[in-house]
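# Summary of the model geometry
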Amino acid sequence: MPPEERTTTAPPPPPASGRRARWRGAEHTRASCTTVVANTLCTLLLVLLLVAGVVLFVVWLSLRPHRPRFAVVSFTVVSPPATGGGGHQKAAFNVSDRNPNRHIGIHYDATRAAVLYGGDDVGAAAVLVATGPAFADGWYQPNKTTTFIAGVLDVVGPRPAADAAWPALAAGLRAGRQPQRLRLTPAIRLRLTPGIGAVGLQSGRRRMHVDCHIVVDSGGNLLPESVGAACERYFS
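Quantities reported herein were computed from a predicted structural model and do not represent experimental measurements.

### Things to note about the state of the cysteines
Per the counting criterion, the structure on display carries one disulfide. A sulfur-sulfur distance of 2.1 Å marks the disulfide that ties Cys-212 to Cys-231. Since a negative S-S torsion denotes a left-handed disulfide, the Cys-212-Cys-231 link at about 105° is right-handed. Highlighted residues: Cys-212 in strand β10 (residues 206–216) and Cys-231 in the loop between β10 and β11 (232–235), separated in sequence by 19 residues.

### Quick notes on the packing of aromatic side chains
Within this structure, the stated rule accounts for three aromatic pairs. Seen from their ring centres, Tyr-108 and Trp-139 are 4.4 Å apart, and the 5° between their planes marks the pair as stacked. With Tyr-108 in strand β3 (residues 104–108) and Trp-139 in strand β6 (residues 139–141), the pair connects residues that are 31 residues apart, well separated along the chain. You can call Tyr-108 buried: its relative accessible area is 2%. Relative to Trp-139, the ring of Phe-135 lies with its centre 5.7 Å away and its plane at 90°, an arrangement referred to as edge-to-face. The class of Phe-135 is buried, set by a relative accessible area of 12%. Taken together, the aromatic side chains of Tyr-108, Phe-135 and Trp-139 make up a single cluster linked through ring pairs.

### Notes on the pattern of salt bridges
Pairs can form between side chains of opposite charge whenever their charged atoms are close. Throughout the structure, instances matching the rule amount to six salt bridges. With a closest N to O distance of 2.5 Å, Asp-109 and Arg-205 form a salt bridge. Of this pair, Asp-109 sits in the loop between β3 and β4 (111–117) while Arg-205 is found in the loop between β9 (187–192) and β10, placing the two residues 96 residues apart along the sequence. The closest approach of N and O atoms between Arg-181 and Asp-211, which form a salt bridge, is 3.8 Å. On the criterion of sequence distance, the pair formed by Arg-181 in strand β8 (residues 178–184) and Asp-211 in strand β10 is long-range, its members being 30 residues apart. The network of salt bridges with common partners includes Asp-109, Arg-189 and Arg-205.

Thresholds applied
- Throughout this description, residue numbers start from 1 for each chain and increase along the sequence as written.
- Per-residue local features of the predicted model are confined to residues with pLDDT of at least 70, and side-chain atom pairs are confined, for both listing and counting, to 80 or more; whole-chain, interface and lining totals are unaffected and use all residues.
- With hydrogens and water excluded, all non-hydrogen atoms of the structure serve as input to the side-chain values.
- Defined by distance alone, a disulfide is two cysteine sulfur atoms within 2.5 Å.
- Only runs of H or I of at least four residues qualify as helices and only runs of E of at least two qualify as strands under DSSP, and these elements are numbered from the N terminus.
- Here the aromatic set is Phe, Tyr and Trp, taking the six-membered ring for Trp, and pairing holds for ring centres within 6.5 Å; pairs whose planes are under 30 degrees apart are stacked, those over 60 apart are edge-to-face, and all others are tilted.
- Under the scheme applied here, a residue whose accessible area is under 20% of the maximum for its type counts as buried, over 50% as exposed, and between as partly exposed, the area being computed with a 1.4 Å probe on protein chains only.
- A carboxyl oxygen of Asp or Glu within 4 Å of a side-chain nitrogen of Lys or Arg is what we treat as a salt bridge.

Here is the structure:
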């Protein structure tokens, strides 16, 4: 009796829908991992940018330069002695100069000063009353310090017979209240002070205008209301 023939059949292949589902699952897992990594990197980058921005802002607040502050201390007109063969009147002034910067020193070039009368109205020209050196040599002002700038100027006008401004100026002097303007025009450079990692770094030279509005009495002495008055300052 011949042996029976046995036949085996292979299991049917999984349906195509099952393979696609597993493929989609793997792709979703890879996409999820990529998204997590990207989100983590973006978060770290944003945190670093935020920290760097805060640090730069704090450094900018501590290093940004502030203009020096000037105030009137004294002013007087000194007449020549009655004996001694003539001479000219002198105008002596003293102005305080405060450097408010914490990490910045200021270099001043030699400059002159002037006393002006009038010129406050639009189109009106100021009349030169006195002129001379405010400080003959350049100097350096350290950070967070106050310096006193004193000078003696030559009184040059106005002249009674030649200047149209003389009647108004003389009337103010007779009344005991004469407004004038003390002007300083130094050229300054800013320099970072030691201790912050940028020793020797300094700015370019800039021209600064300092206008101190003063009121003097009939003798040319500063009235109490002008003592300690803050001066205007601006760059050109």
